[in-house]
Amino acid sequence: MTVHSRTPSVRSILFTLNGSIIPVIWRRVLYTVLLSVAVVWADFHLFTLKVGLNAAPLTLMGLTLAIFLGFRNTVAYQRWWDARTLWGELIVASRNAARQTLAFLPDASQATRRELVHSLIAFAYAMRHHLRAKDPTADLTPWLPPQMLAAVMASPNRPSALLAHMGVAFATAARAQDTSPILLASIDKELGGLSHVLGGCERIQGTPLPYAYLLLLHRTVHIYCFLLPFCLVGLVGWFTPLLVGVLAYTFFGLDALGDQIEDPFDILPNDLPLDAYCLTVKNDLVALVGDGSADAVA
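The rules we used
Residues numbered from 1 in each chain as written. Predicted model: local features only at pLDDT ≥ 70, side-chain atom pairs only at ≥ 80, totals over all residues. Heavy atoms only, no water. Phe/Tyr/Trp six-rings, centres within 6.5 Å; stacked < 30°, edge-to-face > 60°. Helix = DSSP H or I, 4+ residues; strand = E, 2+ residues; numbered from the N terminus. Axes fitted to C-alpha atoms, helices over the stretch in contact; angles between N-to-C directions. Parallel < 35°, antiparallel > 145°, perpendicular 65-115°, else oblique. Left-handed = near helix turned anticlockwise from the far one by under 90°. Contact = heavy atoms within 4.5 Å. Nonpolar A, V, L, I, M, F, W, Y, C, P; charged D, E, K, R; others polar. Expected span 1.5 Å × (residues − 1). Polar contact = N/O pair within 3.5 Å; in protein donor to acceptor, adjacent residues only side chain to side chain.

Peer 1: Which residues make up the packing of aromatic side chains, and what values do they have?
Peer 2: Here the structure, examined in full by the defined rule, presents seven aromatic pairs. Ring centres 5.9 Å apart and planes at 80° place the aromatic pair Phe68 and Tyr213 in the edge-to-face group. Within this pair, whereas Phe68 is found in helix 3 (residues 56–104), its partner Tyr213 is found in helix 9 (residues 211–236), the two being separated by 145 residues in sequence. Cluster of aromatic residues (ring-pair linked, three or more members): Phe68, Phe71 and Tyr213.

As C-alpha cells, then:
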C-alpha cells in the first residue's frame, strides 16, 4: 500500500500520475479541448458565424451539476469509508480471535491451534475473492485442510461457509479440553464480528446507486463540458481551450472518481487495497502462532 506524504510538493501535485484520475479521463478532456479550439477558430475566422453564447446557461447548469456531483460523491465516499471501517474491524477481530485461541486453548496441540489460526487467515482471503467474484482456491489451499477446503469451495457463499466450519472447529477444540463456556463465548463473539463484517460488505456491494441517477449525472457532465467552449469563447477568446481544459478536468474527474469509489472492492487505483489488508492479517496472525510460514502466501 502506497503511503502518501501529508504535505505533497507543488511538483507532485501538478505532475504525479500515480493514483491520479488523469489516465481515466484524459481522452474526454482532450476531446473537449479540441472542440474548444475548433469553436474559437470558427468564431474568429468565420465572420458570418458567431457561435458565442452568454454565460447564463453555463451558470444555471453548473449550479445544478455541482449539487448533483456533490451529493453523489458524498454518498460514494461514505460507501468507501464504510467498507474501509468494516475491513478494519475484520483485522481487529482476526487478531483478537487468534490471540484468544492461543490464550484460551493452551492445552490444545500446536497443530490444532495453528489450524484454527490459519482458518482466520483463509477467511480474509475468502472475503476478498467473494467481493470481487473470483476463484479463491489458490489463496485458500495453503491455509485450510483438504476436507474443509472442499466443503468451503462447494458453497455459493464461501466466507459464510468457512465461518460455519470455523465455529464448529473452535467449539470442538474448546470442549475437548473442557474450556470454560465463558471463554468459548468470547471467541464466538469475534467470529460473530467477522460475520458482521461479511454482511456489511455484502450490503455495500449489493446496493449500488440507482442506475437512472448515474446515467442522468453522466449525461449532464458531458453536455455541460461540451457547451463550455460555446459559452466562454465570447468572454475569454483564445484562452477558451485553457479554461475549458481546467473545467473539463474538474468535472470529468469528479464524475470518474465517484464511479471508482462507489464500488470500493474493485481493483481500480482508488479502490480499497484489499490485497494489502489480507497481507496484514496473514503476517500478524502467522507471527502470533509462530509457525515460521510468514512467506507462505504473497
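Peer 1: How would you sum up the packing of helix 2 (residues 22–45) against helix 10 (residues 240–262)? Please name residues and give values.
Peer 2: When two helices pack together, you describe them by how their axes are tilted relative to each other and by the distance separating the axes. At a minimum axis distance of 8 Å, the contact between helix 2 and helix 10 shows a crossing angle of 150°. Viewed along their axes, helix 2 and helix 10 adopt a mutual orientation that is roughly antiparallel. Taken as a pair, helix 2 and helix 10 cross one another with a handedness that is right-handed. In this structure, helix 2 contributes Ile22, Val24, Ile25, Arg28, Val29, Thr32, Val33, Ser36, Val37 and Val40 to the contact, and helix 10 contributes Thr240, Pro241, Val244, Gly245, Ala248, Tyr249, Phe252, Gly253, Ala256 and Gln260.

Peer 1: Tell me about the packing of helix 4 (residues 110–131) against helix 7 (residues 158–176), residues and numbers included.
Peer 2: Orientation of helix 4 relative to helix 7, taken along the N-to-C sense of each, is 165°, at an axis distance of 9 Å. When the axes of helix 4 and helix 7 are compared, the pair comes out roughly antiparallel. Classified by chirality, the crossing of helix 7 by helix 4 is left-handed. For the pair formed by helix 4 and helix 7, the contact residues are Thr112, Leu116, Ser119, Leu120, Ala122, Phe123, Ala126, Met127 and His130 on the first element and Pro159, Leu162, Leu163, Met166, Ala169, Phe170 and Ala173 on the second. Across the contact of helix 4 with helix 7, the residue classes break down as 13 nonpolar, three polar and no charged.

Peer 1: Give me unusual backbone geometry: which residues, what numbers.
Peer 2: You will see that Ala133, though not glycine, has its phi angle at about 55°, which is positive. For Ala133, the position within the fold is in the loop between helix 4 and helix 5 (137–140). A positive phi angle is found at Asp178, which is not glycine, with a value near 55°. Looking at where Asp178 falls in the secondary structure, it is placed in the loop between helix 7 and helix 8 (181–206).

Peer 1: Describe in detail helix 8, supporting the description with residues and values.
Peer 2: In a regular helix each residue adds 1.5 Å, so 26 residues correspond to 38 Å; helix 8 covers 36 Å between its end C-alpha atoms and thus fits that length. Packed against the buried residues of helix 8 are helix 3, helix 4 and helix 7.

Peer 1: Which residues make up helix 7, and what values go with them?
Peer 2: If you check helix 7, its first and last C-alpha atoms are 27 Å apart, about what 19 residues at 1.5 Å a residue would give, namely 27 Å. Lining the buried residues of helix 7 we find helix 3, helix 4, helix 6 (146–153) and helix 8. Sitting at the amino-terminal end of helix 7 is Asn157, which places a side-chain oxygen 3.2 Å from the backbone nitrogen of Ser160. Of the residues trailing helix 7, Asp178 is marked for its positive phi of about 55°.

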